[in-house]
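A look at the structure
Okay, here's what each chain looks like letter by letter:
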Amino acid sequence: IFLIGCAHYVDFKSPDPYPHGAVMPLKAAFYMDKALQDKMWSGRAASSGIANRWDVPVGKVVREYATAYLKNGFQGFSDIENITAKPDYDILIKVIDINYTMGGQAAHCDLNVSIENSAGKEVFSKKYRADGPSGYGRVIAGGAFSQKSAIRQSTHVVMETIFKNIAGDISAYYKNWQN
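Report follows, based on the coordinates. In this text the structure is predicted, and so the values were computed from the model without any measurement. Counting restarts for each chain: residues are numbered from 1 in the order of the written sequence. Under the rules for a predicted model, residues below a pLDDT of 70 receive no local features and side-chain atom pairs below 80 are neither given nor counted, while totals for whole chains, interfaces and linings still include all residues. Heavy atoms from the whole structure form the basis of all side-chain values; hydrogens and water molecules are not counted.

Details of the pattern of salt bridges
One side-chain nitrogen of Lys or Arg within 4 Å of one carboxyl oxygen of Asp or Glu is enough to make a salt bridge. Going through the model one piece at a time under the given rule, you end up with 9 salt bridges. In this structure, the salt-bridge partner of glutamate 81 is arginine 63, at a minimum N-O distance of 2.5 Å. With glutamate 81 in the loop between strand S5 (74-80) and strand S6 (91-103) and arginine 63 in helix H2 (residues 58-70), the pair connects residues that are 18 residues apart, well separated along the chain. A salt bridge links arginine 129 to aspartate 131; the shortest N-O distance between them is 3.1 Å. Under the relative-accessibility criterion, aspartate 131 is labelled partly exposed at 44%. What counts as a helix is a DSSP run of H or I of at least four residues, what counts as a strand is a run of E of at least two, and both are numbered from the N terminus. Relative accessible area decides the class of each residue, using a 1.4 Å probe on protein chains only: under 20% of the type maximum gives buried, over 50% gives exposed, and in between gives partly exposed.

Quick look at the packing of aromatic side chains
Here a Phe, Tyr or Trp ring, Trp counted by its six-membered ring, pairs with any other such ring whose centre lies within 6.5 Å, and the pair is stacked when the planes are under 30 degrees apart, edge-to-face when over 60, and tilted otherwise. Evaluated as defined, the whole model comprises 6 aromatic pairs. For the ring pair phenylalanine 74 and phenylalanine 77, a centre distance of 6.3 Å and an interplane angle of 20 degrees mean the geometry is stacked. One exposure class covers both phenylalanine 74 and phenylalanine 77, and it is buried. Relative to tyrosine 173, the ring of phenylalanine 124 has its centre 5.9 Å away and its plane inclined at 25 degrees; by these criteria the two rings are stacked. Linking phenylalanine 124 in strand S8 (residues 122-131) with tyrosine 173 in helix H4 (residues 144-173), this pair joins segments that are 49 residues apart in sequence. The exposure class of tyrosine 173 is partly exposed, given its relative accessible area of 39%. Members of the aromatic cluster, connected to one another through ring pairs, are Tyr18, Tyr65 and Tyr69.

Below, the structure written as structure tokens:
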């Protein structure tokens with residue numbers, strides 16, 4: 001039997017802005033280089049048909065979650081395309097690397113983040129890790145039709161966890177980061 005598979009691009013809707021309890025008195029900027037913004041993860045799963053390939057625009061998803069989960073936590077926030085010589089921010093939040101995979105119908109992500117003050121000095125660096133819930137049962141019951149939903153749900157939990165932790169760390173330590 002000759003099997004022909006399909007490539008399935010997994011679209012994500014933009015996440016809702018995260019409501020922070022208190023606003024930090026900082027102007028923050030968020031930056032990811034173009035290669036990370038374009039990063040894709042592609043994989044196959046026997047439970048949804050091994051011939052099918054699932055393409056997740058992980059760089060785009062990270063950027064959208066960063067904006068949604070960080071924006072309302074600061075006095076000012078901008079998502080910048082390039083780093084200029086004369087910054088208009090107090091801190092620069094940079095995604096350095098993304099390691100995203102799907103395994104066992106669950107999303108797994110390591111996100112390396114660096115934070116610099118307005119003088120360009122790194123004041124904080126951390127690797128954030130989160131694992132999402134498995135959608136295995138849903139995919140077994142619904143097959144390929146349920147695969148996109150399982151990827152979206154598990155990835156949402158991962159990104160929400162990571163960006164809540166980033167916001168929490170910034171809130172806890174930003175007073176120590178002044179020039």
